Amino acid sequence: MNPVKLAEGIYWVGAVDWDTRFFHGHTFSTHHGTTYNAYLIIDEKVTLVDTVFPPFAEEMLERIKQIIDPQKIDYVVANHVEMDHSGSLPKILSLAPKAKLICNVRCKEGLLKHYFTNWDFQLVKTGDKLSLGKRTLSFLETPMLHWPDSMWTYLIEDEILLCNDALGQHYASSERFDDEIEECTIMHAAAKYYANILMLFGSIAVKKIGETQKLGWKIRMAAPAHGLIWKNPQSIIDAYFHWEKGEAKDRVVIAFDSMYGATEKMALAIAEGIKKEKVEVDIYKLPISDKHDVIAEVLEAKGLLVGSSTVNNDYLPDIPAFLVNLRGLKPKNKIGGAFGSFGWSGGAVKNIENMLQEMKIEIFEPGISVKYVPTEEELNKCFEFGRRFAQRIKGAGST
Ligand code: FEO
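Throughout what follows, the structure given in this document is the object of discussion. (Residues numbered from 1 in each chain as written. Predicted model: local features only at pLDDT ≥ 70, side-chain atom pairs only at ≥ 80, totals over all residues. Heavy atoms only, no water.)

**Concerning the environment of Ile92**
On the secondary structure map, Ile92 appears in helix H3 (residues 89-95). Given the relative accessible area of 0%, Ile92 is considered buried. Residues Ile92 and Ile283, 191 residues apart in the sequence, show an inter-C-alpha distance of 48 Å. Once you skip the residues sitting within four places of it in the chain, Ile92 turns out to touch Leu48, Thr51, Met60, Leu61, Ile64, Pro70, Ile73 and Val76. (Helix = DSSP H or I, 4+ residues; strand = E, 2+ residues; numbered from the N terminus. Buried < 20%, exposed > 50% of the residue type's maximum accessible area, 1.4 Å probe, protein only. Contact = heavy atoms within 4.5 Å.)

**Regarding the sheet that holds strand E9 (residues 73-77)**
Reading across the sheet, the seven strands line up as E1-E2-E7-E8-E9-E10-E11 and stay open at both edges, with mixed pairing between neighbours. This sheet does not close on itself; its edge strands, each paired only once, are strand E1 (4-7) and strand E11 (121-123). Each strand of the sheet is rotated relative to its neighbour by a mean of 25°, with strand direction disregarded. Where strand E2 (residues 10-12) and strand E7 (residues 39-41) come together, three bridges link them in antiparallel fashion. Each residue of the ladder has a partner; that of Ile10, found in E7, is Ile41. (Pairing = 2+ DSSP bridges. Axes fitted to C-alpha atoms, helices over the stretch in contact; angles between N-to-C directions.)

**A look at helix H4 (residues 105-115)**
When H4 is considered as a whole, its buried residues turn out to be Cys107, Gly110, Leu111 and Tyr115. Here the buried residues of H4 occupy an arc of 110° about the axis, which is enough to place them on one side. H4 presents Glu109 and Lys113 as exposed residues on the side facing more than 90 degrees away from its buried surface. Each element contacted by the buried residues of H4 is listed here: helix H2 (83-86), H3, strand E10 (100-103) and E11. (Arc of directions from axis to C-beta.)

Set out below in structure tokens:
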């Protein structure tokens, strides 16, 4: 329950949610839980930046109380309306009756429509400064990163960026800083978070990072609202630029479903062909795979092959569940293809191709279909399909 010091007078006072396994409804699986990060600044004006999801309000208060009586809070900054960050505002503002609520105009609108309470709002916009005494806060509105109200707060003297949902990870741990865990662990969590939440808004994220430079903000530390705090923010900033450009590895993700195993045989034969070309390949049977993990794998792969048996002239139902999720996230620079077995009419392969094209994934060649169970000859054709796909992947721009 201890607060954690980021710098002199600046503390993490958030909460660790070890138990949650889903976020945003069921649109994000959180195998490692998450954290809700709130930050307390002790200066002439005592300031709390963001709060926590309501079930964790007491945990946050316990941490605050170890540093200061919550009644002494002068400002509460709300960077974002979403309830995982604003949900404990009613509690904290009831305990800190003199506190002003600092936010932008869209955030005020959203908070009023969530909590129906006309708190003592003080509106800020990009570039505004708020003196706390020795320290100064400044603000950058970041609309649609990922809600219209989103905002970043910057501690000018300490060069700490409180970047709310951006640069976050859903990762519960007893550590608070990036240099306290393995780099591959935090980058994997950050990639899954980006792929499933921010991929659609990647261009806004890099534009806003660019705007911090125009504002003269040097980022010594980046403290997001979820997960670990970046003492080395350049690593995650570089990753965001890389992901936003759609840069990926010579790697293929095969995602499929198979009714009686024929499409699965095709998937395995295609994978053999891809491997023959020395391109990395991973296979996911969608009904037994976590789709949000698969989407994270797609982020780092140049190629995506999707396979399904045909049922009722269409694909099996786990295929659109995956593709609709991916379509909304608008992956960039992917090359794709389709495959599947059928009994009489077919339809799955064409419909998969249509879905891939809708999300602007380049179809490398018409998909491969097999009637009923593939023969040796047909499996050889799948193998060659895999080889040609891998060659196309190797020919595409690489990182
Ligand atoms: Fe972590 Fe958009 O809330």
